[in-house]
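As a plain string of letters, each chain reads:
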Protein chains: 2
Amino acid sequence: MTATESDAAPRSGRRATRHGDSRRDELVHAASELFADRGYRDTSIAQVAERVGVTQQALLYYFGSKAGLLDAVIDDRDGAAVEFAEQLAAVGGAEALRRLPGAARRNVADPYLARLFAVLVAENLSPESIAHEHFVQRYRHLREIVAGLIADGQRDGVFAADPEPQLLATEILATIDGLNTQWLLDPEVDLVAASEQWAAGLAERLAPRRPTARDARS
Amino acid sequence: MTATESDAAPRSGRRATRHGDSRRDELVHAASELFADRGYRDTSIAQVAERVGVTQQALLYYFGSKAGLLDAVIDDRDGAAVEFAEQLAAVGGAEALRRLPGAARRNVADPYLARLFAVLVAENLSPESIAHEHFVQRYRHLREIVAGLIADGQRDGVFAADPEPQLLATEILATIDGLNTQWLLDPEVDLVAASEQWAAGLAERLAPRRPTARDARS
DNA sequence: GTCTATAGCGAGATAGAC
DNA sequence: GTCTATCTCGCTATAGAC
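Residues numbered from 1 in each chain as written. Chains lettered and ligands numbered in written order. Predicted model: local features only at pLDDT ≥ 70, side-chain atom pairs only at ≥ 80, totals over all residues. Heavy atoms only, no water.

## Examining the overall build of chain A
In plain terms, the rule: Starting at the N terminus, helices and strands are each numbered in turn, a helix being any DSSP run of H or I of at least four residues and a strand any DSSP run of E of at least two. Computed by Shrake-Rupley with a 1.4 Å probe, the accessible areas treat only the displayed protein chains as cover when residues are assessed.
Broken down by element type, chain A carries 11 helices and 0 strands. Helices (α) and strands (β) of chain A occur, in sequence order from the N terminus, as α-α-α-α-α-α-α-α-α-α-α. If you sum the accessible surface of chain A, you get close to 11,000 Å²; carbon and sulfur atoms cover 50% of it.

## Some words on the interface of chain A and chain B
Put simply, the test is: The contact definition used throughout considers only heavy atoms, calling two residues in contact when any of these lie within 4.5 Å. Computed with a 1.4 Å rolling probe, the buried area is the accessible surface lost when two parts are put together, summed over both parts. One side-chain nitrogen of Lys or Arg within 4 Å of one carboxyl oxygen of Asp or Glu is enough to make a salt bridge. Distance and chemistry together define a polar contact, namely a pair of N or O atoms within 3.5 Å, with one atom able to donate a hydrogen and the other to accept it when in protein, and with adjacent residues in sequence counting only for side-chain atoms on both sides. Residues are sorted three ways: Asp, Glu, Lys and Arg are charged, Ala, Val, Leu, Ile, Met, Phe, Trp, Tyr, Cys and Pro are nonpolar, and all the rest, Gly among them, are polar.
Contact with chain A, which involves 47 residues of that partner, is made by 47 residues of chain B. At the boundary of chain A with chain B, total buried surface from both sides reaches about 3,800 Å², with 58% on carbon and sulfur atoms. Here chain A is connected to chain B by 10 salt bridges. Put simply, chain A and chain B have 19 residue pairs in polar contact (both at pLDDT 80 or more) between them. For the side of chain A that touches chain B, the per-class residue count stands at 21 nonpolar, 10 polar and 16 charged.

## Focus: helix α2 (residues 45–52) of chain A
Residue and element names in this part refer to chain A. Test applied: Residue exposure (1.4 Å probe, protein chains only): buried if accessible area is under 20% of the type maximum, exposed if over 50%, otherwise partly exposed. The reported arc concerns the directions from the helix axis to the C-beta atoms and nothing else.
By the burial criterion, the buried members of α2 are Ile45, Val48, Ala49 and Val52. Buried residues of α2, seen end-on, are gathered within an arc of 95° and therefore sit on one face of the element. Among the structural elements, α1 (23–38), α3 (56–63) and α4 (66–77) are those in contact with the buried residues of α2. Once α2 finishes, Gly53 follows within two positions and takes phi at roughly 90°, a positive value.

## Focus: the environment of A:Phe159
Residues and elements named next belong to chain A. As for its placement among the helices and strands, Phe159 is situated in the loop between α9 (132–155) and α10 (165–185). For Phe159, a relative accessible area of 5% translates into the label buried. Sequence separation between Phe159 and Glu204 is 45 residues, and the spatial gap between their C-alpha atoms is 9.6 Å. Look past the residues within four positions of Phe159 in its chain and what remains in contact with it is Gly93, Ala94, Leu97, Leu149, Ile150, Gly153, Gln154, Leu206 and Pro208.

## Here's the deal with the packing of aromatic side chains
Worth spelling out the cut-off: Side-chain rings of Phe, Tyr and Trp, where Trp is taken by its six-membered ring, are said to pair if the distance between their centres is within 6.5 Å; with planes under 30 degrees apart they count as stacked, over 60 as edge-to-face, and otherwise as tilted. Two conditions define a charge sitting above a ring: the NZ of Lys or the CZ of Arg must be within 6 Å of the ring centre, and it must be within 35 degrees of the ring normal.
Counted according to the given criterion, the structure contains 8 aromatic pairs over all chains. A ring pair is formed by A:Phe117 and A:Phe135, whose centres lie 6.2 Å apart and whose planes are at 70°; its orientation type is edge-to-face. Remark: A:Phe135 occurs in helix α9 and A:Phe117 occurs in helix α8 (residues 112–123); sequence separation between them is 18 residues. Residue classification places A:Phe135 among the buried residues on the basis of a relative accessible area of 0%. On the numbers, 6.3 Å between centres and 50° between planes, the contact of B:Tyr62 with B:Phe63 is tilted. Taken individually, B:Tyr62 and B:Phe63 each receive the classification buried, so the pair is uniform in this respect. One residue, A:Lys66, lies across the ring of A:Tyr40, its end atom 4.5 Å from the ring centre.

## Let's talk about the protein's contact with DNA strand D
Stated precisely, the cut-off is as follows: We call a residue near a molecule or strand whenever a single non-hydrogen atom of that residue lies within 4 Å of it.
The environment of DNA strand D is formed by 16 residues, the closest being A:Thr55, A:Gln57, A:Tyr62, B:Gln56 and B:Lys66. Sugar plus phosphate: this is where 61% of the atoms of DNA strand D within 4 Å of the protein reside. Residue A:Gln57 places a side-chain N or O atom 2.5 Å away from a base nitrogen belonging to DNA strand D. If you list the elements that add at least two residues to the surface near DNA strand D, you get α3 of chain A together with α3 (56–63) of chain B. Considering every element that reaches the surface near DNA strand D, the biggest residue donor is α3(A), with 4 residues. Grouping the constituent residues of the surface near DNA strand D by class yields 7 nonpolar, 7 polar and 2 charged.

## Description of the relation of the copies chain A and chain B
Put simply, the rule reads: Residues reaching a pLDDT of at least 70 in both copies supply the C-alpha atoms on which the copies are superposed by least squares.
Aligned on chain B, chain A shows an RMSD of 0.0 Å; the corresponding rotation is 180° and the shift along the axis is 0.0 Å. On this basis, the relationship between the two copies can be described by a two-fold rotation axis. When the interface residues of chain A are mapped onto chain B, 100% of them again lie at the interface, so the same face is used by both copies.

In structure tokens, the structure reads:
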């Protein structure tokens, strides 16, 4: 039993940190909050460690490097958006559109996740940046899900046929992100009201031009 | 002639730097490019100075501090968006909507300004950040201009009456910003096509419901 | 106006004790 | 696992010569 690869040290961000480790989780959580507030680059690992009540070196024991900490934060906190998009896609049709402002309402109730990803995306626009590839893939994935939702609706005749799904998916994600950004910058912006009006307009735009496949109601 | 306030030193970012000073302009320009690429916080004033071929201390002679340099960059480079919005407002009506994708085409031709402000806005979301107030005011101003354009069109009967102008203005700026962000992150995103489809949908949404004020054509 | 020199700080990371 | 100590580096800013 040489100490070359002790079983105690979780070297990288591999293991999913879903609450249980205590210390490591506390550090990921503290880092998420500080990154959301001041960005990755402007946060020191010492500040993160201090918030949990340990030293910087203890933090490095868990994550190896500052970049490792970022990986762990992204692993742990990202995915909410993808899950939400997948939920909508599962529901489908006009009901999915009706649920869009729900994301806004959740953001207002808990702004920190929205802030975290707004900040991290901007910090990783450049291809050399540390998490660039992650966010590129994340958006491609989200666009695929939303485009699929639209294409399905068009195939079923519950959505108008003319908008190109990929472009509309890009536009939908853009509007959500852009509204969040303005509201994060300036709390005077009424995120929920803007989201609701937007979603209503989108529903109108996607309404089939002629009664192609009306439900039993009318 | 004591040297207490020599006439040579432009202390702060007061004077509009519209090309003429040479050195100072070169520094502002170099800083803009580096800030766009890596953000304000990740750029050192030494890197900016090096690009122009002077030392960091020469740069500080002009701007006093790194924050002073940021002020100068914002003074010099911001305003393009406001000018564009004012142009659209001056044109008004459906023609203004038709010109919206022009911004996208200009961004694709010269991505650096879009990148600069995407990065700077994200770095200044937090109220404590150095240029936070500037960007809050900038967006409020832009929203006012766009909301005015919409309200004018509604008053004249060339736009549908139901969208609330302030909320729609927020949504329009959000979509523009969000599309830019996705495209900056991933060049595979077709910014121009997405903008054109979006603008077409917006025009449809704003078309008056009944032929209130049709032109002589039809 | 631009330089050299340097102060002074805070960062990330490593070594090794306990 | 967490600590103390320390290395090394890069940063902003100041002082003062030319």
